Amino acid sequence: MTEQHKQSILPSSKTNDQSHTLSRRSFVQSGAGFSAALYGISALGAEAERKTVWEEDSWNPNAQFVNYGKPLRVQPILMYTVATPRKERSWRSWGDVLSDESAAKEADRIDKELYSLSEKAEFPLEILPVQKVKTTEDAERARQSDHDIVIVYPASGSGQLLQACTPPDGNAIIFARHRSGATYYWYEGLSTVYLQTEKDTPGARTTRLGKTHVDDIVVDDCDELLWRLRALYGVKNFRGTKIVALGGVWGKYASEAPQLAREKFGMDLIEIGYGQVEDRIRGALKDSRKMALAKQWTETYLSIPKTTIKTDQQFIVNAFLLYGLFKELMAENGATAFTIKDCMSVVIPISKTTACLTLGLLNDEGLLAFCESDFVIIPAGILLRHITGTPVFLHNSTFPHNGIVTCAHCSAPRRMNADRYEPTTIYTHEESDYGAAPKVDIPIGQEVTFIDPEYATGRWIGFRGNVEDNPFLPICRSQQDVRIQGQWKKLLSEVRDSHWMMVYGDYLKEVGYAARKLGMRWENISDV
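Predicted model, so just to flag it, every value in this text is computed and none were measured.

*Asks:* Residue-level account of the nonpolar core, with values.
*Replies:* Counting 119 residues, the largest nonpolar core has Leu78, Leu229 and Ile340 as the members making the most contacts within it. Of the residues forming this core, the biggest block, 12 residues, is contributed by helix α11 (residues 313-332). The contacts of Leu78, once residues within four sequence positions are left out, are Ala103, Glu106, Ala107, Ile110, Val130, Gln131, Lys132, Val133, Tyr153, Ala155 and Tyr184. Ile442, Val448, Ile461 and Val467 belong to the second-largest nonpolar core, a separate cluster that totals 20 residues.

Take a look at the structure:
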């Protein structure tokens, strides 16, 4: 990522009585103000929002990649006790933090560490002031702050006090010290009496710290803390996602998937029928101003280096017309995500193109856009997108053989690292030989992470791979042969005629951690 993309949206200065928020990409908080944030306008109503889409700079390939998400609010709690000498008795616990003076120094260390961590993070963190806790009453007051996650620093004190500091719902990370500063008692005292383990099924065993898990413990390593916070940021912004579903919703081989998305993840699935938008699409095709703008955007797109066209240019123009119309629908419904059903049939005669390129364009600027409206895979894609801060690629997969799987679809993003545009040729859509579909070539050797959902059972498979080739087979246009890392033969019993999600980089730790927080069963076959 170039330095121009590593910008903070808030000042980096901070005082001890204020929270601080930092981020490294361009971030916009989602919610009621989405339309204003997306288009740079106040809440002027749907008609005004529609007009703002059709401006010359509404599509700009040089614009910063934007993440739409709310900062993760973190409440640090330093737990300690004041040790009083007692003659001829054991009076002092393990550890260095056993006085108000040593606690003040430790709170300052925590504050500086978390501030440095928030500067390093590529997602927005809001760090609240450290709360020093000596009593259960102190702990109760500290937990009343408006926060998403508590980080407990258990320097010293009783198990009862640790329970008071740690929310039983599991929204906590416990950071203990061995060699990173003052030694803590609780780097010795933590055990499965207090913590859930991988052997525990949800609700099967009550621990002293409720749902807090052994995976929620970090010793010394702030990088270990950072990736957990990244996962929790993803969970926060995934839950309750608003997504426009043009043509309705479904689940491939799992009809219950949309309802589970609503019930389990609180997703707001906004179903819009084609009858509601057909006249708008046909009207846009006759609108000389919108068509002129779509043609201008097309010329700009084709000027991006390493862009080749092997289809009728009018298909690309019409794809940009759909781009504007889909953004209208999202803005009108306050949604940052979009999906389309019957994209290989119903939309084609209405729009005189395919939606393939359009979905890639939306993903390339920071929105979330998926074909096929398949809610078996879409929740995994939204979570992965928020965790990584980069576009994700929904694709079909082939039968694994000799450690290789081919991943292919016609709607791939080309800005997969949120910065550069990968080499791309625009063809027709493979199955219809019509429209505009990008063939995006991923760099050879690029490491990628996959999520493969087991229909709607609540079980996700995760693994890594490396791109070995970008072939040109008579299958969906964007296609990669990927060598699977780890025990690839385990996938043979997981082969399903369904969809996977792909993203650049290694995010298996984050996704596995997030999956447990969401009540999902997770299996990582690359790190067995």
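*Asks:* Before we move on, can you summarise unusual backbone geometry with the specific residues and values?
*Replies:* Even without being glycine, Tyr253 reaches a positive phi, approximately 60°. Within the secondary structure, Tyr253 sits in the loop between β10 (242-246) and α8 (257-265). Its relative accessible area of 55% is what places Tyr253 among the exposed residues. A positive phi angle is found at Lys352, which is not glycine, with a value near 60°.

*Asks:* Tell me about the pattern of salt bridges, and name the residues and values.
*Replies:* When the charged atoms of two side chains with opposite charge come close together, those side chains can pair. Following the criterion strictly, the structure yields 37 salt bridges and no others. Ionic pairing is found between Arg177 and Glu113, a salt bridge with its closest N-O pair at 2.9 Å. Residue Arg177 is located in the loop between β8 (172-176) and α6 (186-189), and its partner Glu113 is located in helix α3 (residues 100-120); the two are separated by 64 residues in the primary sequence. Comparing Arg177 with Glu113 shows no difference in burial state: the two are buried. A network of salt bridges, in which partner residues are shared, links Asp452, Glu454, Arg459, Lys490, Glu494, Arg496 and Glu523.

*Asks:* Can you tell me about the sheet that holds strand β18 (residues 434-440), naming the residues and giving the values?
*Replies:* Strand order in the open sheet made by the 3 strands is β12-β17-β18, with mixed pairing throughout. Across the chains shown, the open sheet's two edge strands, defined by having one partner strand only, are β12 (307-309) and β18. If you compare each strand with its neighbour and ignore which way they point, the axes differ by 30° on average. Here β12 runs beside strand β17 (residues 424-429); their pairing, made up of 3 bridges, is parallel. Directly across from Ile309, in β17, lies its bridge partner Ile426.

*Asks:* Hey, could you go over the sheet that holds strand β13 (residues 337-340) for me, with residue numbers and the actual values?
*Replies:* With respect to topology, 4 strands assemble into an open sheet ordered β11-β10-β13-β14, the strand pairing being parallel. Edge positions in the open sheet fall to β11 (268-272) and β14 (368-371), since each of these has one partner strand only. The mean angle between the axes of side-by-side strands here comes to 20°, regardless of whether they run parallel or antiparallel. Relative to β14, β13 runs parallel, the two being bridged by 4 bridges. Note that in β14 the partner of Phe338 across the bridge is Ala369. Lying over the sheet, α11 contacts β10, β11, β13 and β14, oriented at roughly 125° with respect to β13.

*Asks:* I'd like a description of the confidence of the model for the chain, backed by residues and values.
*Replies:* When the pLDDT values of the chain are averaged, the result is 91; 90% of them are 70 or greater. Counting interchain partners and residues more than four positions distant, the pLDDT-below-50 stretch residues 1-17 has 37 contacts. Throughout residues 31-37 the model reports pLDDT below 50, and contacts reaching past four residues in sequence, or to other chains, amount to 14 contacts.

*Asks:* So what's going on with the packing of helix α7 (residues 222-238) against helix α15 (residues 508-517)? Which residues, and what values?
*Replies:* Where α7 meets α15, the closest approach of the two axes is 9 Å, and the angle between their N-to-C directions is 55°. When the axis of α7 is compared with that of α15, the two are oblique. With respect to the hand of their crossing, α7 and α15 are arranged in right-handed fashion. Counted together, Glu224, Trp227, Arg228, Arg230, Ala231, Leu232 and Val235 of α7 and Lys509, Glu510, Tyr513, Ala514 and Lys517 of α15 form the full contact between these two elements. Here the contact of α7 with α15 is composed, by residue class, of 6 nonpolar, no polar and 6 charged.

*Asks:* How would you explain the packing of aromatic side chains if you had to name every residue and give the values?
*Replies:* Per the counting criterion, the structure on display carries 20 aromatic pairs. Geometrically, the ring pair formed by Phe315 and Tyr434 is tilted, given 4.6 Å between the ring centres and 55° between the ring planes. Within this pair, whereas Phe315 is found in helix α11, its partner Tyr434 is found in strand β18, the two being separated by 119 residues in sequence. For Phe315, a relative accessible area of 16% gives the class buried. The structure contains a cluster of three or more aromatic residues connected by ring pairs, namely Trp54, Trp59, Trp297, Tyr301, Phe320 and Tyr323. In this arrangement the basic side chain of Arg496 is found over the ring face of Tyr455, its NZ or CZ atom lying 5.8 Å from the centre.

*Asks:* So what's going on with helix α10 (residues 288-302)? Which residues, and what values?
*Replies:* Given a rise of 1.5 Å per residue, 15 residues ought to cover 21 Å, and the 21 Å separating the end C-alpha atoms of α10 matches this to within 8%. Those residues of α10 that fall on the buried side of the exposure criterion are Lys290, Met291, Leu293, Ala294, Trp297, Thr298, Tyr301 and Leu302.

*Asks:* For empty space enclosed by the protein, give the residues involved together with the corresponding values.
*Replies:* Across all of its chains, the model carries 5 cavities of 30 Å³ or more by this definition. What lines the largest cavity is a set of 14 residues, and nearest its centre among them are Cys343, Met344, Cys356, Cys371 and His429. Residue composition of the lining of the largest cavity, by class: 8 nonpolar, 4 polar and 2 charged.

*Asks:* Could you give an account of the side chain of Asp452, naming the residues involved and the relevant values?
*Replies:* With respect to the secondary-structure elements, Asp452 resides in strand β19 (residues 447-453). A distance of 3.1 Å separates a polar atom in the side chain of Asp452 from a polar atom in the side chain of Trp500. Sequence-distant contacts of Asp452, that is, excluding residues within four places in its chain, are made with Arg459, Trp460, Ile461, Phe463, Leu491, Glu494, Arg496, His499 and Trp500.

*Asks:* Please provide a residue-by-residue account of a nonpolar patch on the surface, values included.
*Replies:* Taken together, the side chains of Trp94, Tyr187 and Val219 define a hydrophobic patch exposed on the protein surface, amounting to about 300 Å² of accessible area. Within the secondary structure layout, Tyr187 lies in helix α6. Taking the relative accessible area as the measure of exposure, Tyr187 reaches 33% and is therefore partly exposed.

*Asks:* Got a sec to walk through the side chain of Lys252? Specific residues and values, please.
*Replies:* Summarising the element assignment, Lys252 is placed in the loop between β10 and α8. Those residues in contact with Lys252 that sit more than four places away from it in its chain are Asp374, Val376, Asn396, Tyr455, Asp497, Ser498 and His499.

*Asks:* Give me the pairing of strand β16 (residues 404-409): which residues, what numbers.
*Replies:* Among the 6 residues of β16, 6 are classified as buried, and the element is accordingly described as predominantly covered. Burial of the side chains of β16 extends over both faces: Ile404, Thr406 and Ala408 are buried on one face and Val405, Cys407 and His409 on the other. Strand direction decides the pairing type here: strand β15 (residues 393-397) and β16, joined by 2 bridges, are antiparallel. Bridge pairing in β16 places Ser397 opposite Cys407. Taken together, the 6 bridges between β16 and strand β21 (residues 478-484) define a ladder with antiparallel strand orientation. Each residue of the ladder has a partner; that of His409, found in β21, is Ser478.

Here is what the cut-offs are and how they apply
- Residues numbered from 1 in each chain as written.
- Predicted model: local features only at pLDDT ≥ 70, side-chain atom pairs only at ≥ 80, totals over all residues.
- Heavy atoms only, no water.
- Core = buried A, V, L, I, M, F, W, Y, C linked by side-chain atoms within 4.5 Å.
- Buried < 20%, exposed > 50% of the residue type's maximum accessible area, 1.4 Å probe, protein only.
- Helix = DSSP H or I, 4+ residues; strand = E, 2+ residues; numbered from the N terminus.
- Contact = heavy atoms within 4.5 Å.
- Salt bridge = Lys/Arg side-chain N within 4 Å of Asp/Glu carboxyl O.
- Pairing = 2+ DSSP bridges.
- Axes fitted to C-alpha atoms, helices over the stretch in contact; angles between N-to-C directions.
- pLDDT = per-residue confidence, 0-100.
- Parallel < 35°, antiparallel > 145°, perpendicular 65-115°, else oblique.
- Left-handed = near helix turned anticlockwise from the far one by under 90°.
- Nonpolar A, V, L, I, M, F, W, Y, C, P; charged D, E, K, R; others polar.
- Phe/Tyr/Trp six-rings, centres within 6.5 Å; stacked < 30°, edge-to-face > 60°.
- Lys NZ or Arg CZ within 6 Å of the ring centre and 35° of its normal.
- Expected span 1.5 Å × (residues − 1).
- 1 Å grid on protein atoms, 1.4 Å probe; cavity = no way out; pocket = protein on both sides within 12 Å on 5 of 7 lines; lining within 4 Å.
- Points joined across faces, edges and corners; volume = space filled by probe spheres on them.
- Polar contact = N/O pair within 3.5 Å; in protein donor to acceptor, adjacent residues only side chain to side chain.
- Patch = residues over 30% accessible without salt bridge, like charges linked within 9 Å, V, L, I, M, F, W, Y side chains within 5 Å.
- Areas by Shrake-Rupley, 256 points an atom, 1.4 Å probe, with all protein chains shown as cover.

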